[in-house]
Amino acid sequence: MEAVAARLLDQLYAVQPSAFTRERNAKAAALEKAGRRAEARALRQLRRPPASLWATNRLAYVEAKRLGAFLDAVDRVRRSQLRDPRAAGEAMQRQRAELRALADRARELLAEQGYRATAATDRRISNTLLGAAVDRRRAQDLWRGRLTDELSAPGFEVLSGAGRSTVAGRSPDLSNLADRARRAARRRPG
């Protein structure tokens, strides 16, 4: 995607859910006026994210370091679960702690915007974080703050390399993605 369009997406996914449609339409109109009709059409097709997805996406900006640690923990669980059960257990504890901290922060973001986080909201946030972490493309969307859909949590088959994250029979190596997320966190202001 063109850099300008990526910048527009970043701006759009940063606005509160209540302002999403207005901002999307304004940005699409500006693209249309500039003669970029295909981009305007694509932008208009984006749906307003539910508040829980908005908060999950905001984690990429306000908790990028922790998000990188979470992605790294998920990768460690996957790599160690068959080779070293003790290391897998430790990695799983770290993954759970990072997930819990991210979900807590997402709940705070919702509260700051006047939304009430229910148990169902917490579950959707946690499921989306886990679902994105095990899928290379979705993990990149997550750390960019551009997830467009809430996701289901993966089953155990993903840890053995037999899930949607499998590429040619292998589990993807997400450690590089976690490193990139940490580098991006250092570059982001705030």
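Residues numbered from 1 in each chain as written. Predicted model: local features only at pLDDT ≥ 70, side-chain atom pairs only at ≥ 80, totals over all residues. Heavy atoms only, no water.

Caption draft 1: Representation of the overall build of the protein in the model. If you tally the helices and strands in the protein, you get 9 helices and 0 strands. Counted from the first residue to the last, the protein has its helices and strands arranged as α-α-α-α-α-α-α-α-α. For the protein, with 190 residues in total, the buried portion stands at 46%. Here the analysis covers contacts within the protein between residues at least 6 apart in sequence; of these, 67% occur between residues at least 24 apart. On the protein, roughly 10,100 Å² of surface is accessible, and the fraction owed to carbon and sulfur atoms is 48%. (Helix = DSSP H or I, 4+ residues; strand = E, 2+ residues; numbered from the N terminus. Buried < 20%, exposed > 50% of the residue type's maximum accessible area, 1.4 Å probe, protein only. Contact = heavy atoms within 4.5 Å. Areas by Shrake-Rupley, 256 points an atom, 1.4 Å probe, with all protein chains shown as cover.)

Caption draft 2: Molecular detail of the packing of aromatic side chains. Counted by the stated rule, this structure contains 1 aromatic pair. Here Tyr13 and Phe20 contribute two aromatic rings whose centre-to-centre distance is 5.9 Å and whose plane-to-plane angle is 40°, an arrangement assigned as tilted. Across this residue pair, the class does not change: Tyr13 and Phe20 are buried. (Phe/Tyr/Trp six-rings, centres within 6.5 Å; stacked < 30°, edge-to-face > 60°.)

Caption draft 3: Seen up close, the side chain of Thr56. Examined against the element boundaries, Thr56 turns out to sit in helix α4 (residues 51-62). A relative accessible area of 1% places Thr56 in the buried class. Engagement of the side chain of Thr56 in a polar contact is seen with the backbone oxygen of Ser52, the distance being 2.8 Å. Setting aside residues up to four positions removed in sequence, Thr56 forms contacts with Ile125, Thr128, Leu129, Leu142 and Leu147. (Polar contact = N/O pair within 3.5 Å; in protein donor to acceptor, adjacent residues only side chain to side chain.)

Caption draft 4: Quick peek at the packing of α4 against helix α7 (residues 119-133). Between α4 and α7, the shortest axis-to-axis distance is 9 Å and the interhelical angle comes to 45°. Taken together, the axes of α4 and α7 are oblique relative to one another. Crossing of α4 over α7 shows right-handed handedness. Contacts between α4 and α7 pair Ser52, Leu53, Thr56 and Leu59 from the former with Thr121, Arg124, Ile125, Thr128 and Leu129 from the latter. In terms of residue class, the contact of α4 with α7 is built from 4 nonpolar, 4 polar and 1 charged. (Axes fitted to C-alpha atoms, helices over the stretch in contact; angles between N-to-C directions. Parallel < 35°, antiparallel > 145°, perpendicular 65-115°, else oblique. Left-handed = near helix turned anticlockwise from the far one by under 90°. Nonpolar A, V, L, I, M, F, W, Y, C, P; charged D, E, K, R; others polar.)

Caption draft 5: Spotlight on helix α5 (residues 64-80). The end-to-end C-alpha separation of α5 is 24 Å, in line with the 24 Å expected for 17 residues at 1.5 Å each. Of all 17 residues in α5, 13 are buried, a share of seventy percent or more. (Expected span 1.5 Å × (residues − 1).)

Caption draft 6: Molecular detail of the pattern of salt bridges. Counting across every chain of the model gives 19 salt bridges. With its nearest N and O atoms 3.9 Å apart, the salt bridge here joins Lys27 to Glu23. Of the two residues, Lys27 and Glu23 both sit in helix α2 (residues 17-33), 4 residues apart, roughly one turn of that helix. Put simply, Glu63 and Arg105 hold a salt bridge, and the shortest N to O gap is 3.5 Å. Pair noted here: Glu63 is in the loop between α4 and α5 and Arg105 is in helix α6 (residues 85-112), with a separation of 42 residues, a long-range link. Here the salt bridges do not stand alone but share partners, grouping Glu63, Arg105, Glu108 and Glu112 into one network. (Salt bridge = Lys/Arg side-chain N within 4 Å of Asp/Glu carboxyl O.)

Caption draft 7: Quick peek at the confidence of the model for the protein. Taken as a whole, the protein shows an average pLDDT of 82; of its residues, 79% reach a score of 70 or greater. Overall, residues 157-182 carries pLDDT values under 50, and its contacts beyond four positions in sequence, including any with other chains, amount to 58 contacts. (pLDDT = per-residue confidence, 0-100.)

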